[in-house]
Amino acid sequence: MQSILFRSKLVLVKALITFCFACSPEDGINGTDGPQGIQGEQGPQGEQGESGSANASKYIITVADTDWDGSYHYGGSNSHTVYTIPPTLTGNIGINNPNYVVIAYGSPTGISYGEKKHLPYVFGVNNNYGLKF
């Protein structure tokens, strides 16, 4: 009986040693991933989140060359024509209102020009001539 118990303990110890030292991650490379499983069902729609406070609005304003007003002189040869954006084109909010910020982009009409420029933008032709939008 003692012999059987001793052999059982010996087999158990051998199995334990074999199990503990048989494989480790350093012994080889990982196999390839199996195929993706099937897609599960769509879950229920979540609750509506809180409204943001950006209060941003977009207005598209086209200014014709005849819309520019007169010539304003700022001394020397520094003169400009201006276009005043009426509040009716901006939801009755004046763009000089200190409670708002205006971010403006411009691009010419009537030509194939796909790029928009952030305004104000200075287009220089040479040292004597340029356009500031």
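Residues numbered from 1 in each chain as written. Predicted model: local features only at pLDDT ≥ 70, side-chain atom pairs only at ≥ 80, totals over all residues. Heavy atoms only, no water.

Caption draft 1: Local environment of the packing of aromatic side chains. For the coordinates displayed, the defined rule picks out 1 aromatic pair. For the pair Trp68 and Tyr83, a centre-to-centre distance of 6.2 Å together with 65 degrees between the ring planes defines the contact as edge-to-face. Of this pair, Trp68 sits in the loop between α1 (2–21) and β1 (69–73) while Tyr83 sits in the loop between β2 (79–82) and β3 (104–106), and the two are 15 residues apart along the sequence. The exposure class assigned to Trp68 is partly exposed, which follows from its relative accessible area of 36%. Among the residues examined, Tyr83 registers a relative accessible area of 22% and is labelled partly exposed. (Phe/Tyr/Trp six-rings, centres within 6.5 Å; stacked < 30°, edge-to-face > 60°. Helix = DSSP H or I, 4+ residues; strand = E, 2+ residues; numbered from the N terminus. Buried < 20%, exposed > 50% of the residue type's maximum accessible area, 1.4 Å probe, protein only.)

Caption draft 2: Just the pairing of β1, in detail. Of the pairings in the sheet, the one linking β1 to β2 comprises 3 bridges and is antiparallel in character. By the bridge assignment for β2, Tyr72 is matched with His80. The hairpin formed by β1 and β2 contains 5 residues between the paired strands, and Gly75 there has a positive phi angle of roughly 95 degrees. (Pairing = 2+ DSSP bridges.)

Caption draft 3: Looking closely at the confidence of the model for the chain. Mean pLDDT for the chain: 75, with 70% of residues reaching 70 or above. Taken element by element, the chain is modelled with least confidence in strand β6 (residues 129–132), mean pLDDT 57, and with most confidence in β3, mean pLDDT 81. (pLDDT = per-residue confidence, 0-100.)

Caption draft 4: Just the environment of Ser71, in detail. Relative to the elements of secondary structure, Ser71 occurs in strand β1. Separated by 11 residues in the primary sequence, Ser71 and Val82 place their C-alpha atoms 7.5 Å from one another. If near-sequence neighbours (up to four positions away) are discounted, Ser71 is found in contact with Ser79, His80 and Thr81. (Contact = heavy atoms within 4.5 Å.)

Caption draft 5: Just unusual backbone geometry, in detail. Phi is positive for Asn92, close to 60 degrees, though the residue is something other than glycine. Secondary-structure assignment places Asn92 in the loop between β2 and β3. Given the relative accessible area of 61%, Asn92 is considered exposed.

Caption draft 6: Representation of a nonpolar patch on the surface within the structure. Judged by side-chain polarity, Val101, Ile103 and Tyr105 come together as a nonpolar surface patch covering roughly 390 Å² of accessible area. When you line up the elements, Tyr105 lands in strand β3. (Patch = residues over 30% accessible without salt bridge, like charges linked within 9 Å, V, L, I, M, F, W, Y side chains within 5 Å. Areas by Shrake-Rupley, 256 points an atom, 1.4 Å probe, with all protein chains shown as cover. Salt bridge = Lys/Arg side-chain N within 4 Å of Asp/Glu carboxyl O.)

Caption draft 7: Examining the environment of Tyr59 more closely. Tracing the backbone shows Tyr59 in the loop between α1 and β1. We classify Tyr59 as partly exposed; its relative accessible area is 38%. Remark: the alpha-carbon pair of Tyr59 and Gly91, spanning 32 residues in sequence, is separated by 8.4 Å. Excluding residues that lie within four positions of it along the chain, Tyr59 makes contacts with Leu89, Thr90 and Gly91. Of note is the side chain of Tyr59, whose polar atom sits 3.5 Å from the backbone oxygen of Thr90. (Polar contact = N/O pair within 3.5 Å; in protein donor to acceptor, adjacent residues only side chain to side chain.)

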